[in-house]
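# Secondary and tertiary structure notes
Single-letter residue listing:
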Amino acid sequence: MAKRDYYEVLGVSKGASADEVKKAYRKLAIANHPDKNPGDKAAEDRFKEATEAYEVISDEKKRSTYDQFGFAGIDGMAGGHDYSNVYSDFSDIFGGGGFSDIFESFFSGGGGGGSSRRSTGPSAGATLRYDVSLDLEEAAFGKKIEISYAHHVGCPTCEGSGSKTGGTKICPHCNGSGKVNRSSGFFAVSTPCSNCSGTGRVVEDPCNNCHGSGVVRKQQKVKVSIPPGSDDGTRISLRGMGDAGRNGGPSGDLYVYINVRAHKYFIRHGYDLYVQIPISITQAALGAEIKVPLLEGKNVKITIPSGVQNGKLIRVKETGIPKDRNMSRRGDMYIKLRVDTPKLGLTSQKAKKILKELAKVLGEEEAPTPLPFE
């Protein structure tokens, strides 16, 4: 089974604070705690998954690496998983030793004496992340793009076995257990053996092409369809396009995250668009018909009512962002009118004269009464 994105596992956004991350994990840990779910393998798996996600997202350095490179960035970090932060953070929830005992049984193979179950079965490949930046109109109306990324694929020379002849032997580092024990404060924690990648066995005659790993790095191009209505942070999942699995395990996925560049004129709020349009004082006073650009490059004609005030919003229905990836269903566009007061220079004597006459006709107040805020 392919790994899920750590932020998705915890149910938080990429920009979540440390407190939000901790709160989300506490909720998941309590809900899936083995004492509450005896014999429930699915709950146990969710507990492990949430703990692994928290261990990375709660660490500033690991989180930064994960945000930039995804699973590929943290898989190679030295030292493996260190759950000491998790122990200290949540001892108050589970009452000290009870939590650590369960935790140790999960992550050290369940043993007093440090014995671990051998992990020789198939394992899924890492899920990868790719970030792409798009203009607002590209994300709003959809686009087909081509991306190029590097991932691990099964070695074609040894067909993924890592060996010239297919022979293996017991790993001398972990004695075939697939795990190594180490101390973390008061707790003994077991982590996958780095020498055999947790399989418990190593190849005797490594393949010259992949050097015994069974996988090789490959640069690949893939076409991605950006659906209409995509917003900043939208994730597109490409199944099986991540790293190749080990020992016959499935390949991971590729997650394409969309970053939307700010537009010069338009601002998006949900499925609605906002744009600010300047009008003259005569257009505001007398009313007018003007053409306003749409996000897709066309123009729409709108009517400005006479006597309109500065800051007035005019709604143009169904000219905003497509809804549910459907171009026939769209949000609205709101036009904010800004009455542009002219700056009259020395050469604008005629205009000044006309405005002064207008002021007399309108009977402007020399001591106007304040207006309440709306």
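Keep in mind that what you see is a predicted model, and the values were worked out from it rather than measured. (Residues numbered from 1 in each chain as written. Predicted model: local features only at pLDDT ≥ 70, side-chain atom pairs only at ≥ 80, totals over all residues. Heavy atoms only, no water.)

### Quick notes on the confidence of the model for the protein
Note the cut-off: The predictor rates its confidence in each residue with pLDDT, a number between 0 and 100. Numbering of helices and strands runs from the N terminus, with a helix taken as a DSSP run of H or I at least four residues long and a strand as a DSSP run of E at least two residues long. For this analysis, residues touch if any pair of their heavy atoms sits within 4.5 Å.
Scored by pLDDT, the protein has a mean of 82; 83% of the residues are at 70 or more. When mean pLDDT is compared element by element in the protein, strand β10 (residues 267-269) scores highest at 97, while helix α7 (residues 97-107) scores lowest at 46. Ignoring residues within four places in sequence, the model shows residues 91-102, a span with pLDDT below 50, making 17 contacts including any to other chains. pLDDT under 50 marks residues 104-120. Its contacts with residues more than four places away, or in other chains, come to 35 contacts.

### Description of helix α3 (residues 41-57)
Counted only if it meets this: Every helix has an expected span of 1.5 Å times one less than the residues it contains. Throughout this description, buried means an accessible area under 20% of the type-specific maximum (1.4 Å probe, protein chains only), exposed means over 50%, and partly exposed covers the range between. Distance and chemistry together define a polar contact, namely a pair of N or O atoms within 3.5 Å, with one atom able to donate a hydrogen and the other to accept it when in protein, and with adjacent residues in sequence counting only for side-chain atoms on both sides.
Over its 17 residues, α3 extends 24 Å from the first C-alpha to the last, a length consistent with the 24 Å expected when each residue adds 1.5 Å. Where α3 is concerned, the buried positions are Ala-43, Phe-47, Ala-50, Thr-51, Glu-52, Ala-53, Tyr-54, Glu-55, Val-56 and Ile-57. The N-terminus of α3 is capped by Asp-40, whose side-chain oxygen sits 3.1 Å from the backbone nitrogen of Ala-42.

### Notes on the pairing of strand β12 (residues 288-293)
Defined as follows: Pairing between strands is defined by DSSP: at least two bridges between them are needed.
In β12, alternate side chains face the same way, and those of Ala-288, Ile-290 and Val-292 are buried while those of Glu-289, Lys-291 and Pro-293 on the opposite face are not. Direction of pairing for β12 relative to strand β13 (residues 299-304): antiparallel, over a ladder of 6 bridges. In the sheet register, Lys-291 faces β13, and the bridge partner there is Lys-301. Hairpin connection between β12 and β13: a loop of 5 residues separates the two successive antiparallel strands, and Gly-297 in this loop has a positive phi of roughly 100 degrees.

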